[in-house]
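# Architecture and fold: a report
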Amino acid sequence: MRILLLAPSNYEFSFEICKELEGKRHIVKFIEDKTFECDYYLSHNNKAKRILKYLIGKSTKAKNIYWQRMFKDGGELYDYHCDLLLCINGYSLCERFFLQLKENNPNVRLVYYL
């Protein structure tokens, strides 16, 4: 089975998961779950609440551009086919990611852990 693992790289368990899945003879592709400076989910102060509308637009645009580059010709996920998406945290996920993933992999199964 071909597995796309999207997880933060700063946690040691991401690499342990890859090693364990590969030990079970799965093909694993690891993509770092990137966090963005402008991500409103990571902001918890009152000042951020006042500019939330601005940050939502900026964060969404940054995520769309990031995934567009990953899936475009020459990108890391260009023409990549997988059977399962295993996602941990998912800070960088957006609608564009799912649209592109489903376009390339219509039968992909999604597993999402917070």
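Throughout what follows, the structure given in this document is the object of discussion. (Residues numbered from 1 in each chain as written. Predicted model: local features only at pLDDT ≥ 70, side-chain atom pairs only at ≥ 80, totals over all residues. Heavy atoms only, no water.)

## Notes on the nonpolar core
Applied cut-off: Buried Ala, Val, Leu, Ile, Met, Phe, Trp, Tyr and Cys residues form a nonpolar core when they are joined through side-chain atoms within 4.5 Å. Using a 1.4 Å probe on the protein chains alone, a residue whose accessible area is under 20% of its type maximum counts as buried, one over 50% counts as exposed, and one in between counts as partly exposed. Here a strand is any run of E in DSSP of at least two residues, a helix any run of H or I of at least four, and the numbering for each starts at the N terminus. Whether two residues are in contact is decided by their heavy atoms: any pair within 4.5 Å suffices.
Among the nonpolar cores identified, the biggest contains 17 residues, and Leu4, Ile31, Trp67, Leu77, Leu85 and Leu101 are the most heavily contacted of them. A per-element tally of this core places helix α3 (residues 52-71) first, with four residues. Setting aside residues up to four positions removed in sequence, Leu101 forms contacts with Leu4, Phe71, Cys82, Leu85, Val108 and Leu110. Judged by nonpolar contacts, the second largest core, of nine residues, contains Ala7, Cys18, Leu84 and Leu86.

## Things to note about the pairing of strand β3 (residues 84-88)
Rules: At least two bridges found by DSSP between two strands is the condition for calling them paired. We call a crossover right-handed when, viewed with both strands directed away from the observer, the connection leading from the first strand over the helix to the second proceeds clockwise.
The buried fraction of β3 amounts to five of the five residues, a majority that puts the element mostly inside the structure. Side chains Leu84, Leu86 and Ile88 of β3 all project onto a buried face; the interleaved residues Leu85 and Cys87 project onto the opposite face, where all are buried too. Across four bridges, the pairing between strand β1 (residues 2-7) and β3 is parallel. Each bridged residue has a counterpart across the sheet, and for Leu4 the counterpart in β3 is Leu85. Relative to strand β4 (residues 109-113), β3 runs parallel, the two sharing five bridges. Bridged to Leu84 within β4 is Arg109. Crossover β3 to β4 through helix α4 (residues 95-104) is right-handed.

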